[in-house]
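Architecture at a glance
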There are 2 protein chains.
Amino acid sequence: MPTYKLILAYDGGKYAGWQRQPHATAVQNVLEAALVQIAGDEVRTTGSSRTDAGVHAFGQLVSLTLDKDMPGDALRRALNAVLPNDVFVRSAEIAPVDFDAIRATTGKRYRYVLRDGQERGIFDRRYAWHVRTPLDAAAMHAAGQALVGEHDFASFQSVGSERQSTVRTIYELSVRRGDAGLLAMPVAVSEPDAARGDLVAIEVAGNGFLYNMVRAIVGTLVEVGRGRRSVDWPREVLAARDRATAGQTAPPHGLFLLHVDATD
Amino acid sequence: MPTYKLILAYDGGKYAGWQRQPHATAVQNVLEAALVQIAGDEVRTTGSSRTDAGVHAFGQLVSLTLDKDMPGDALRRALNAVLPNDVFVRSAEIAPVDFDAIRATTGKRYRYVLRDGQERGIFDRRYAWHVRTPLDAAAMHAAGQALVGEHDFASFQSVGSERQSTVRTIYELSVRRGDAGLLAMPVAVSEPDAARGDLVAIEVAGNGFLYNMVRAIVGTLVEVGRGRRSVDWPREVLAARDRATAGQTAPPHGLFLLHVDATD
């Protein structure tokens, strides 16, 4: 009964999110259906991040236990042979028997991709939120630094969520302009000096995120980037601890779960 | 009755090519349907390049004449307001009354994007041909130089096409490795020094191309890149003037019409 640790990439465009659904197709349904083909029996999986409908992943962390004893790489290849072309197992390895993707998670890193300007992005339209107003990426970067550190992020949590504490720590938040290389993983070749380009990426790493927190941060920084709000505004939003003060929740299709930090 | 010159971008993924079809949806059908909404009457368009089903464009050149007199930019905005999100008019301007996109064409530039290696490209799967064998881009570049210049390209023409002459001139052919920045236009920020990355781009410019010529060149260079054929082989294929000697026709979804050179 080995336990496995998987790193999963997926295009969330046509899925009802990560989490298994009874009457819709979620990524977890697809992965578990592939596992049945390989293991024979029903296999239950645990995903670190409950990504919403339409959200993508380069590095979702998944744990599962199989009745069948097979090397990690054989499981990876077997899964990739049966998974649809929008879900891909990047790696699979045998983990300690008590490994659990949720308990093991110590932090997460997300990237949100925007396109600005009048030109419609024909080839990135599924992966970038198109904002017609030109965005000031440097102002967004400066404004976002107020969110770095340990704070009460109540202003950036969607209503309806029930978490015991709304305090989280953001380790790093960066905003930079670039080209379609921003849609590549691992860190794109084009990133270091990319000051031109039609795309803007917001990357944020932290010890945990409230429901819709990244998308609320993006919606807030976009208000600054458009020039509708000052660079100091996100600091005020944070201090207010009231969701009504922040910007809109950015749409899901620009969001990528890049990486999950985990302990073995 | 002004004549207009349009530069069109489209994702060819769900279209039966550029050319109008009676029982399928081609890009030309979609553009002409949008023009009816704007002009009221039926409008006939001419496209420079008859791109095949599944082939994409950043810069298709189109000519058309309207009964309605409107500034070029107003036409561009009106079209973009009604076109589906996978077809986009990059520019529209009033041209000389006898301007015709086919007659005006003096050359074309194409890019073909490949992904190599075991990793499936979740986010570029619609825009890159995935070849599992690692490709030697430098060998492909060296091999491709034999095709530059004026030659009889009969070996690179799909059977069934009827052209008077199979002599064409290739001005430039380059093969380089890069990241998803290769899917951006205009020339991507990441291009100059991108030696790493999971994608390989073959770019070819010439005064004209035979039916499936770019895709046959790509299929041939990929044989070199895989190490199945020597760097000298494309030169031999060219000299044979026989389609049976060349590599396979590469699939359409990696091909982009980048630019059409035209005279006014």
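Residues numbered from 1 in each chain as written. Chains lettered and ligands numbered in written order. Predicted model: local features only at pLDDT ≥ 70, side-chain atom pairs only at ≥ 80, totals over all residues. Heavy atoms only, no water.

**So, the environment of Gly181 of chain B**
With respect to the helices and strands, the residue Gly181 of chain B is situated in the loop between β8 (167-178) and β9 (199-206). In this structure, the C-alpha to C-alpha distance between Gly181 of chain B and Leu199 of chain B, residues 18 residues apart in sequence, is 9.3 Å. (Helix = DSSP H or I, 4+ residues; strand = E, 2+ residues; numbered from the N terminus.)

**Remarks on the pairing of strand β8 (residues 167-178) of chain A**
All names here are of chain A. In terms of burial, β8 is largely enclosed, as 9 of its 12 residues are buried. With 4 bridges connecting them, strand β7 (residues 149-152) and β8 associate as antiparallel partners. Looking across to β8, one finds that Glu150 is bridged to Thr169. Here β8 pairs with strand β9 (residues 199-206) via 8 bridges, running antiparallel. The partner of Val175 across the bridge, within β9, is Ile202. (Buried < 20%, exposed > 50% of the residue type's maximum accessible area, 1.4 Å probe, protein only. Pairing = 2+ DSSP bridges.)

**A closer look at the relation of the copies chain A and chain B**
Rotating chain A by 180° about the axis while translating it 0.0 Å along that axis superimposes it on chain B, leaving an RMSD of 0.0 Å. Taken together, the rotation and translation describe the operation of a two-fold axis. Most of the interface of chain A is mirrored in chain B: 100% of its interface residues are interface residues there too. (Least-squares fit on C-alpha atoms with pLDDT ≥ 70 in both. Contact = heavy atoms within 4.5 Å.)

**A closer look at helix α6 (residues 233-240) of chain B**
Residues and elements named next belong to chain B. If you check which residues of α6 are buried, you get Trp233, Pro234, Val237 and Leu238. On an axial view of α6, the arc spanned by its buried residues comes to 140°, and they lie on one face. Those residues of α6 that are exposed and angled more than 90 degrees off the buried face are Arg235 and Ala239. After α6 finishes, the residue Arg241 shows a positive phi value of roughly 50°. (Arc of directions from axis to C-beta.)

**Let's talk about the packing of helix α1 (residues 27-39) of chain A against helix α2 (residues 72-82) of chain A**
All names here are of chain A. Axis separation between α1 and α2 bottoms out at 9 Å; the angle between their running directions is 115°. As judged from the angle between their axes, α1 and α2 are roughly perpendicular. Pair α1 / α2 crosses with right-handed handedness. Contacts between α1 and α2 involve Leu31, Ala34, Leu35, Gln37 and Ile38 from the first element and Leu75, Ala78, Leu79 and Val82 from the second. (Axes fitted to C-alpha atoms, helices over the stretch in contact; angles between N-to-C directions. Parallel < 35°, antiparallel > 145°, perpendicular 65-115°, else oblique. Left-handed = near helix turned anticlockwise from the far one by under 90°.)

**Some words on the domain arrangement of chain A**
Interface size is commonly expressed as the accessible area that is lost once the parts come together. Residues and elements named next belong to chain A. Assigned domains of chain A: these are domain 1 (3-99) and domain 2 (106-262). Between the C-alpha centres of domain 1 and domain 2 the distance comes to 27 Å. Our enumeration of links across domain 1 and domain 2 arrives at 1 salt bridge. Residue Arg215 pairs with Asp52 through a salt bridge whose shortest N-O separation is 3.4 Å. Linking domain 1 with domain 2 are 11 residue pairs in polar contact (both at pLDDT 80 or more). The dominant element in the side of domain 1 that touches domain 2, judged by the number of residues it contributes, is strand β3 (residues 56-65), at 6 residues. Across the side of domain 1 that touches domain 2, the residue classes tally to 5 nonpolar, 7 polar and 3 charged. (Domains from an automatic or database assignment. Salt bridge = Lys/Arg side-chain N within 4 Å of Asp/Glu carboxyl O. Polar contact = N/O pair within 3.5 Å; in protein donor to acceptor, adjacent residues only side chain to side chain. Nonpolar A, V, L, I, M, F, W, Y, C, P; charged D, E, K, R; others polar.)

**Quick word on the packing of aromatic side chains**
Each aromatic ring pair is specified by the distance between its two centres and by the angle formed by the two planes. Inspection of every chain in the model, using the stated rule, returns 18 aromatic pairs over all chains. Pairwise contacts between aromatic rings join Phe58, Tyr127 and Phe256 of chain A together with Phe123 of chain B into one cluster. (Phe/Tyr/Trp six-rings, centres within 6.5 Å; stacked < 30°, edge-to-face > 60°.)

**Considering unusual backbone geometry**
Residues and elements named next belong to chain A. Phi at Asn212 is positive, roughly 65°, even though this residue is not glycine. Here Asn212 shows up in the loop between β9 and α5 (213-225). Among the residues examined, Asn212 registers a relative accessible area of 15% and is labelled buried.

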